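# A structural walkthrough
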Amino acid sequence: MYNREAESMSLYPYHVTRMSRVRGGLWCRCEEGDFFLKEYAGGKTRLAFLRRVLEELEKQEMRVDTLVRTIEGEEYSQDTYGKNYTLRKWFLDPECDPKNPGQVMAGAEALGRLTKALLGLSETMEIGDKQPSDFLFQVQRKNREMKSISNLIAKKRQKNEFDMEFSRLFLTYYEQGQKVQALEEEWNTSDGVRRGLCHRDFTHHNVLVGENGVSLIRFDNLGWDSILSDVALYIRKIMEKNSYSQVLCRELLGMLQEVLPLNDAEKKQLYLRLAFPSRFLKVANHYAATRKNHITLRDLEKLKSLKKQEEERLSFLAFLEGFA
């Protein structure tokens with residue numbers, strides 16, 4: 001069943017005993033341990049950089065899915081059909097359960113440790129793509145996206161259920177986005193926020209919690225950004241899964257402050273990132289990317305769930321404003 005993958009694995013110094021399809025690739029049980037094989041379409045330079053970063057994190061006793069090289073020392077393997085594959089260390093621990101406070105706190109502690117480690121590496125490693133991460137520019141772009149999608153839907157002659165629900169909610173969320181933009185123009189938080197290498201996809205899905213501790217995986221989007229990009233994403237996803245529990249958020253912020261103390265500008269930007277209606281924009285963008293007259297029930301369900309959670313979300317933001 002896995003002839004191509006088996007051919008690719010033969011180029012690594014490991015002895016495979018079992019292969020099984022999992023999300024995004026193949027889990028390979030080897031005599032030497034567990035590994036994850038995945039197709040790859042990028043270049044070697046990027047892989048070499050990722051591998052060096054992950055190896056440095058390992059030296060700091062962090063459990064990460066470090067990339068490994070082939071027997072020949074190549075960054076990826078290639079089968080006879082020209083397909084490239086990367087191989088990385090793997091962990092069989094389950095994903096962090098966002099409903100389990102203990103696991104959520106473990107993920108927050110790991111996030112703080114990772115952020116501090118990456119900030120240190122950002123100062124010592126040669127990094128070629130230090131793109132400025134201007135938060136105001138990001139907010140302006142996202143507000144334009146919301147307005148553009150609204151204009152497209154308004155021009156449609158025949159509107160479906162999603163179009164009508166979007167139109168009912170649009171003004172509320174667009175005004176929230178405009179408020180965030182106005183506050184950032186006033187506060188100019190970007191000048192005081194630390195920047196460096198960030199995971200840029202730090203959600204509970206990429207945090208594994210087991211008997212041996214926390215493992216962090218899927219660093220594919222690693223890049224230069226505000227440290228709040230990871231912190232805000234993790235908190236937002238956890239809050240969505242827990243009805244915006246202020247008790248849980250207080251504990252989560254407390255854990256982060258112990259491991260990664262935030263300055264005043266970072267606290268303000270964290271508030272602004274969470275105040276921006278990111279989930280509304282994400283659902284709208286997904287819908288806009290599909291065929292014009294096609295409506296997915298999942299998109300409609302997500303849109304309706306936003307409306308149900310809005311009161312809880314606003315109460316949570318009022319609480320968070322005190323933290324900022």
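Use the structure listed above.
Reference entry: report on the structure contained in this document.

## Looking at the packing of aromatic side chains
Tallied over the full model, the rule gives eleven aromatic pairs. With centroids separated by 4.6 Å and ring planes inclined at 25 degrees, the aromatic side chains of Tyr-173 and Phe-280 adopt a geometry described as stacked. Here Phe-280 lies in helix H9 (residues 278-288) and Tyr-173 lies in helix H5 (residues 161-187), a separation of 107 residues in the sequence. The exposure classification of Tyr-173 matches that of Phe-280, with both residues buried. Counting every residue linked through ring pairs, the aromatic cluster contains Phe-162, Phe-166, Phe-170, Tyr-173, Tyr-174, Phe-280 and Tyr-287. A cation over an aromatic ring shows up here: Arg-4 above the ring of Tyr-81, its NZ or CZ 4.1 Å from the ring centre. The lysine or arginine in question, Lys-268, covers the ring of Trp-187, its NZ or CZ lying 5.2 Å from the ring centre.

## Describing the packing of H5 against H9
Closest axis-to-axis distance for the H5/H9 pair is 12 Å, and the angle between their directions is 145 degrees. Crossing of H5 over H9 shows left-handed handedness. Of the residues in H9, those in contact with Phe-162, Asp-163, Phe-166, Leu-169, Phe-170 and Tyr-173 of H5 are Phe-280, Val-283, Ala-284 and Tyr-287. Here the residues of the contact of H5 with H9 are counted per class, giving nine nonpolar, no polar and one charged.

## Focus on the side chain of Asn-242
In this fold, Asn-242 is placed in the loop between helix H6 (228-241) and helix H7 (246-259). The class of Asn-242 is buried, set by a relative accessible area of 15%. Among the polar contacts made by the side chain of Asn-242, one reaches the main-chain carbonyl oxygen of Ile-238 at a distance of 2.8 Å. Beyond its immediate stretch of four places on either side in the chain, Asn-242 contacts Pro-98, Lys-99 and Leu-248.

## Quick look at the sheet that holds strand E10 (residues 213-216)
Through backbone hydrogen bonds, the strands of a sheet pair up, either in parallel or in antiparallel fashion. Read from one edge of the open sheet, three strands run E4-E10-E9, paired in mixed fashion. Looking at the sheet topology across the chains shown, the edges are occupied by strand E4 (63-64) and strand E9 (207-210). Sheet topology places E9 next to E10; four bridges connect them, and they run antiparallel. Considered in E10, the bridge of Gly-210 is made with Gly-213. The strands that helix H3 (residues 101-124) touches are E9 and E10; relative to E10, the one it contacts most, it runs at about 55 degrees.

## A short note on the environment of Ala-284
One can find Ala-284 in helix H9. The buried category is assigned to Ala-284, whose relative accessible area is 2%. As a C-alpha pair, Ala-284 and Gly-82 span 202 residues in sequence and 37 Å in three-dimensional space. Ignoring any residue separated from it by four or fewer positions in sequence, one finds Ala-284 in contact with Ile-149, Phe-162 and Phe-166.

## Considering the side chain of Arg-88
Here Arg-88 lies in strand E7 (residues 84-89). For Arg-88, the side chain forms a polar contact with the side chain of Thr-86, separated by 3.4 Å. Ignoring any residue separated from it by four or fewer positions in sequence, one finds Arg-88 in contact with Asp-34, Phe-35, Phe-36, Asp-65, Thr-66, Leu-67, Val-68 and Asp-220.

Conventions and cut-offs
- Residues numbered from 1 in each chain as written.
- Predicted model: local features only at pLDDT ≥ 70, side-chain atom pairs only at ≥ 80, totals over all residues.
- Heavy atoms only, no water.
- Phe/Tyr/Trp six-rings, centres within 6.5 Å; stacked < 30°, edge-to-face > 60°.
- Helix = DSSP H or I, 4+ residues; strand = E, 2+ residues; numbered from the N terminus.
- Buried < 20%, exposed > 50% of the residue type's maximum accessible area, 1.4 Å probe, protein only.
- Lys NZ or Arg CZ within 6 Å of the ring centre and 35° of its normal.
- Axes fitted to C-alpha atoms, helices over the stretch in contact; angles between N-to-C directions.
- Left-handed = near helix turned anticlockwise from the far one by under 90°.
- Contact = heavy atoms within 4.5 Å.
- Nonpolar A, V, L, I, M, F, W, Y, C, P; charged D, E, K, R; others polar.
- Polar contact = N/O pair within 3.5 Å; in protein donor to acceptor, adjacent residues only side chain to side chain.
- Pairing = 2+ DSSP bridges.

It is worth stressing that arrangement in space is one thing and function is another; only the former is reported here.
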